[in-house]
Amino acid sequence: MLTLDEVCLDYGAFRALDRLSLAAAEGALVVLLGANGAGKSSIFRAVSGLHRLAAGRISLGGRDLAGVSPAGVVRAGLVHCPEGRMLFPAMTVEKNVRLGAYVHRRDRAGVKRGLDEVMAMFPVLAEKRHQPAGSLSGGQQQMVALGRALMGRPKVLLLDEPSLGLAPLVVRQMFDAVAAVNRRGTTVLLAEQNAHAALGIASHAYVVEGGRIVLDGPPDALRNDDRVRRAYLGG
Amino acid sequence: MRAAARGRDVLFFQQVLNGLTIGCVYALVALGLTLVYGILRIPNFAHGALYTVGAYAAFALIGRLGANFWLALAGAAAVSAGLAVLSERLVFARLRAAPPLHDMIAAIALLLFFEAGVQAVFGAGFFRIAPLFPQILRFAGLTAPAQRILIVGAAFALMAGLHLFLDRTWTGATIVASAQNRTGAALVGIDADRVSMLTFAISGALAAVAAVLFAPIALLSPAMGELVITKAFVIIILGGMGSVAGAIAGGLVIGFAESFGAFYVSTDFKDIIAFGLLTLILSVRPQGLFGRIAR
Amino acid sequence: MLEVRGLTKRFGGLVAMRGVDAAFPPGKISAVIGPNGAGKTTFFNLVSGTYAPTAGRVLLGGRDVTGLRADAMARLGVARTFQATALFDGASVRDNLIIGHRLRTRATLWDALVGSRRLAAEERACRDKAEAVLDLVGLSRIGHRLAGGITQEERKRVAFALALATEPRILLADEPAGGVNPGETAGLAELMRRIVASGVTLCLIEHKMDMVMRLADHVVVLDHGERIAAGTPAEIRADPRVIESYLGVDAAGMPP
Amino acid sequence: MSARPSPFALASFALLASAALFPVLTPNPYYLGVMALAFVGALSALGLNLVAGYAGQLNLAHAGFVAIGAYTVGILTVDHGVPFWIAFALAGVVSAAAGAAVGLVSLRLRGDTFAIFTLCVGFILYLGIEKWDGLTRGVVGLMDIPAPPGIGPVSFATDRGQYYLALGVLAVGVWLMRRITASLVGRSFLAIRNGEALAQALGLNPMRTKLTAFVISTFYAGIAGALYAGQVRFLGPDIARETRTFDALIFAVVGGMGTLLGPVVGAVGMSWAIQALQGLQDYRMVVFGPLLVLCIMFFPAGIVGALEARFARRRAALAEKRLAEAAPVPGAAPRGSHA
């Protein structure tokens, strides 16, 4: 479904991704593990067109994504739910979510249906739908971000650290939601620091270090791997 | 005794109407400025020139092509909107990665260019556009020039329209969203270039409409935009840079302050009132009234 | 020695830091770690005087320095580096470093106008200092290069050199090895050991965990703006709360 | 210290020598007047360049401070009979004092807000001059300002005298500015421009540093105004207008913001360009506006900035070469080859 082939990405003189390759099959839930600064977000920025590649190829369902604008990537069916959420803080919850359907705006009935689905998925958002998104708690904001991303009807969903700064209970809710989205057929690429929780729902996992993939395999194989542990605790 | 009190009431009403008129003009100019600030994050010093160009475009359409007032208004809006879009495409879009100082200098350069262009075509003299409604309305002993009523009515209609546009339409939402989080907007598929061009076009059109409506009361001169734009800056600093409601409220506040200041203090110093207010407030609160300045 | 007690910071309604205690033993390397968004940079901003804390105290050598501005803290010997260092790209690396010693000089505008002897002496002192710190960070060979043309790793070294030119007692380094490759990281670790050996207390925020664990004598772990652990690297590695916050074994209640 | 004069010294000497010879080569009084005014513009741009180019704070009220200096001379000499040279010195002081007051309020604002606010201050100054008839004579203007009286055998009554006076003051201005910018004080300004947070972490007090730059720059503005008053001998409120600030800004940008000689080169060059486009006098911005835009887009360092960058690169390359010859390190790969 989504493949990265020898991708390089530079920030000025710094090479953030160094000939990195990975693939996510249709319907898979692929987890990217790695410490802060390992390059997980850079992978996402490369895929969603926010940052130009220095080299390599990215393809989505056989289509080359090189040089496609962020808007074009969304239209092609790939939605990036970024780290830090990037909400529109002064807009209401409902508008934030609704804007996720911007590329499908002409399908009014579909937008309405999508909005209802998101509100059903996160009832707390339905309660607060007319409040400014910036006034919500971190967990609720993450729900808005996920809901907004789902409104783009992604075939592939990139989720960057959805558990960031959230309380354990909320993290669990978030992961349940991600697993549910995946079960309904969306391919998910999930970057996480919360390794065990992420491995619990993954179908495949990669460990990213210094802008390269250093290890990959099924979750069970990685769960007790020393290198996974080392990625976090340096041990 | 009663006649004197009555006279005071009439004069008071006159000041309210004057304040409302000028406040509406300021608000329309400040609205465009604040929208562009939201997208560009730099003060567009050239905005005042769009105001001037708009007025002269209408003047030319009426005087040389015999257009009627409404047609001239639409034409002026189109000219200013077009120039705004051109300056965005040719200049600001290409300076995105440059230091903010460069954007500001470029904006100043555009301002100088537009002003000089107007002067080169029309000369330095003063002109006047005939009011659409020259009559004076009388109501319950109060009098009001119809043109002022037209300004207030049209301005409020435009503000309401702009509010509905930003609040209710997909296209309007793209502007609001981009101002609040540019990356977030890109990630839902909003085309940043399109939003920038649209925002500049709206800002130019609003400035031109304000200028044309006000032109029958004020006079046309190449420097007519300078004072208005400077006050519009005062307004968006006070009202919060990027805030639409702040621009409208700030515009009206400054309008009233000027009209009453001119009446009760001195006409000579009415133009200083806005700046004095700004200095006073920023001396006490450097972060502005709404605390969004010191980012 | 630098110490904070009950450090708390609120931004509006948001509590960014809550009651953090920490002490940075002199002559040692301390590290502040924690997941993204744990409040590490906020912590540095509070300690270095960029923000004033809402509550709590900052003590420097027993003296209460809470609420002092960053420039005053720098003069007291608390230096800091940033994740990205803005240099004057059109000037040489050496010239860029001269300003680092300005706070130890006293020449005024008047000295500049009359070209006083004091100014000349102090400018010489600043140049000598620049030379000395260039040498310390191992950049003597590229001191003449334009700052715009040096590598990411060299920039990181220049950031250290600038901070060292202020003659600090304590140096707070924000991601000193961020954005450099593994080989260069080892070199920077070596540099940090040298800095500590020269008598400066070092405290860093770093994401490269293996480096932190090998380098630091003392580690403070932050999560959600609170201190969840402090101790030696070995203690930290075995601390259940730390493992939980990083690996999330049971935190999310997921089946193992 | 080194025996070889620096490129800066050479350039300054060449400029100064040709400027000194100019009246001999072209006795045309009109051209002398143009040049004398260009020197005044250069002095004003030199001040603006310090606060905007070095310290990074775009002060759009600059012309207001030039006007304060000019009116100080005009009012003191015409209305109070104060000798010209005393008024001349006071002009700088009064402008600098006003600069200190304005700076204390405005420098607490950052970047774009500072620029907007100073634009408003400029308007206040302009409107103040225009409306305060009792002091400034308002729109009528101040007339019959005395010419600068001669000092000893030197007379400033002639065009040539005026020319040399302006040149002399400018030369002193550049020389002092060189001392400031090359010193630790000047380096502090650059540090603030590069980033206030880092500068403050290095122990610099941002407010004090910016205020110092602002006050010096307004002092230069005041002296420029005083020269102007003695040269033109008539003052109207228009000299405080923001277009005059923009003129100084154009001089600095074209010549090179943040370089010492940039404003001088820009002022002289642009003044002659304006002469060449004489027919456009009032509409010169039709040409200069786009020129400024192009300059900021494609040539942001300006004339002197580009030259300095070239010198800096060559110097770095030379040092590299000398180093390699002096101590070849076996096996040391050339660094920076990553790019």
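Remember, predicted model here, so these are calculated numbers, not experimental data.

**Re the interface of chain D and chain B**
The partner chain B presents 44 residues to the 39 residues of chain D that form the contact. Of the roughly 3700 Å² buried between chain D and chain B on both sides combined, carbon and sulfur atoms contribute 81%. For the interface between chain D and chain B, the tally reads one salt bridge. The residue Arg241(D) makes a salt bridge to Glu226(B) at a minimum N-O spacing of 2.5 Å. At the boundary of chain D with chain B, the tally comes to two residue pairs in polar contact (both at pLDDT 80 or more).

**A few points about the arrangement of the chains**
The assembly contains five pairs of chains in contact; the pair sharing the most contacts is chains B and D. Looking at chain B next to chain C, you find no contact at all, with the nearest C-alpha pair sitting 12 Å apart.

**Focus: the pairing of strand S9 (residues 218–223) of chain C**
All names here are of chain C. In terms of burial, S9 is largely enclosed, as five of its six residues are buried. One ladder, built from four bridges, connects strand S3 (residues 29–33) with S9; its direction is parallel. Its bridge partner lying in S9, Ala31 is registered against Val219. Here S9 runs beside strand S10 (residues 226–231); their pairing, made up of five bridges, is antiparallel. Each bridged residue has a counterpart across the sheet, and for Asp223 the counterpart in S10 is Glu226. Connecting the antiparallel pair S9 and S10 is a turn made up of two residues, with His224 showing a positive phi of about 50°.

**Concerning the packing of helix H4 (residues 84–106) of chain D against helix H10 (residues 206–232) of chain D**
All names here are of chain D. At their nearest, the axes of H4 and H10 sit 7 Å apart, and the two run at 145° to each other. H10 is crossed by H4, and the crossing has right-handed handedness. Residues Phe84, Phe88, Ala91, Gly92, Val93, Ser95, Ala96, Gly99, Ala100, Val102, Gly103 and Leu104 of H4 touch H10, and the partners they reach there are Met207, Leu211, Phe214, Val215, Thr218, Phe219, Gly222, Ile223, Ala226, Leu227 and Gly230. Residues belonging to the contact of H4 with H10 are distributed by class as follows: 16 nonpolar, seven polar and no charged.

**Focus: the sheet that holds strand S10 (residues 212–217) of chain A**
All names here are of chain A. Taken in spatial order, the six strands line up as S6-S7-S8-S3-S9-S10 in an open sheet, and their pairing is mixed. Every interior strand has two partners, whereas the edge strands, strand S6 (78–81) and S10, have only one. The average undirected angle you get between the axes of adjacent strands in this sheet is 20°. The pairing of strand S3 (residues 29–33) with strand S8 (residues 187–192) spans five bridges and is classified as parallel. Each residue of the ladder has a partner; that of Leu29, found in S8, is Val188.

**Some details on the packing of aromatic side chains**
Here the structure, examined in full by the defined rule, presents 29 aromatic pairs over all chains. Ring plane angle 25° and centroid distance 5.7 Å describe the contact between Phe92(B) and Phe200(B), whose orientation is recorded as stacked. Of the two residues, Phe92(B) is situated in the loop between helix H3 (69–90) and helix H4 (100–122) and Phe200(B) in helix H8 (residues 192–214); the sequence distance between them amounts to 108 residues. The residues Phe92(B) and Phe200(B) share a single accessibility class, namely buried. Relative to Tyr264(B), the ring of Phe260(B) lies with its centre 6.0 Å away and its plane at 5°, an arrangement referred to as stacked. A residue pair is termed a helical-turn pair when its members lie 3 or 4 positions apart in one helix, as Phe260(B) and Tyr264(B) do in helix H10 (residues 244–264) at four residues. According to the relative accessible area criterion, Tyr264(B) is exposed, its value standing at 54%. The cationic tip of Arg105(A) hangs over the ring face of Tyr102(A); the distance from NZ or CZ to the ring centre is 4.1 Å. Its end group placed over the ring of Phe88(A), Arg148(A) keeps NZ or CZ at 4.9 Å from the ring centre.

**What to know about the pairing of strand S4 (residues 55–60) of chain C**
Residues and elements named next belong to chain C. Note: strand S1 (residues 2–11) against S4, five bridges, orientation antiparallel. Within S4, the residue paired with Glu3 across the bridge is Leu59. The pairing of S4 with strand S5 (residues 63–64) spans two bridges and is antiparallel. In the strand pairing of S5, Leu59 is matched with Asp64.

**As for the confidence of the model for chain D**
Residue and element names in this part refer to chain D. Averaged over all residues, the pLDDT of chain D equals 88, while 94% of them reach at least 70. Low pLDDT (under 50) marks residues 331–339, which in the prediction has seven contacts with non-local residues, meaning those over four places away or in another chain. For this predicted complex, the interface score ipTM comes out at 0.88, while the overall pTM is 0.90.

**Topic: the nonpolar core**
The biggest cluster of nonpolar side chains holds 208 residues, and the ones touching the most others in it are Phe45(B), Tyr51(B), Phe39(D), Leu43(D), Leu58(D), Phe189(D) and Leu235(D). Element by element, the count of residues in this core is highest for helix H1 (residues 2–40) of chain B, at 15 residues. What Leu43(D) contacts, discounting residues up to four positions off in sequence, is Val169(D), Leu170(D), Gly173(D), Tyr220(D), Ile223(D), Ala224(D) and Leu227(D). Counting 60 residues, the second-largest nonpolar core is a separate cluster that includes Ile33(C), Ala177(C), Val180(C) and Ile236(C).

Analysis parameters
- Residues numbered from 1 in each chain as written.
- Chains lettered and ligands numbered in written order.
- Predicted model: local features only at pLDDT ≥ 70, side-chain atom pairs only at ≥ 80, totals over all residues.
- Heavy atoms only, no water.
- Contact = heavy atoms within 4.5 Å.
- Buried area = accessible area lost by both parts, 1.4 Å probe.
- Salt bridge = Lys/Arg side-chain N within 4 Å of Asp/Glu carboxyl O.
- Polar contact = N/O pair within 3.5 Å; in protein donor to acceptor, adjacent residues only side chain to side chain.
- Buried < 20%, exposed > 50% of the residue type's maximum accessible area, 1.4 Å probe, protein only.
- Helix = DSSP H or I, 4+ residues; strand = E, 2+ residues; numbered from the N terminus.
- Pairing = 2+ DSSP bridges.
- Axes fitted to C-alpha atoms, helices over the stretch in contact; angles between N-to-C directions.
- Left-handed = near helix turned anticlockwise from the far one by under 90°.
- Nonpolar A, V, L, I, M, F, W, Y, C, P; charged D, E, K, R; others polar.
- Phe/Tyr/Trp six-rings, centres within 6.5 Å; stacked < 30°, edge-to-face > 60°.
- Lys NZ or Arg CZ within 6 Å of the ring centre and 35° of its normal.
- pLDDT = per-residue confidence, 0-100.
- Core = buried A, V, L, I, M, F, W, Y, C linked by side-chain atoms within 4.5 Å.

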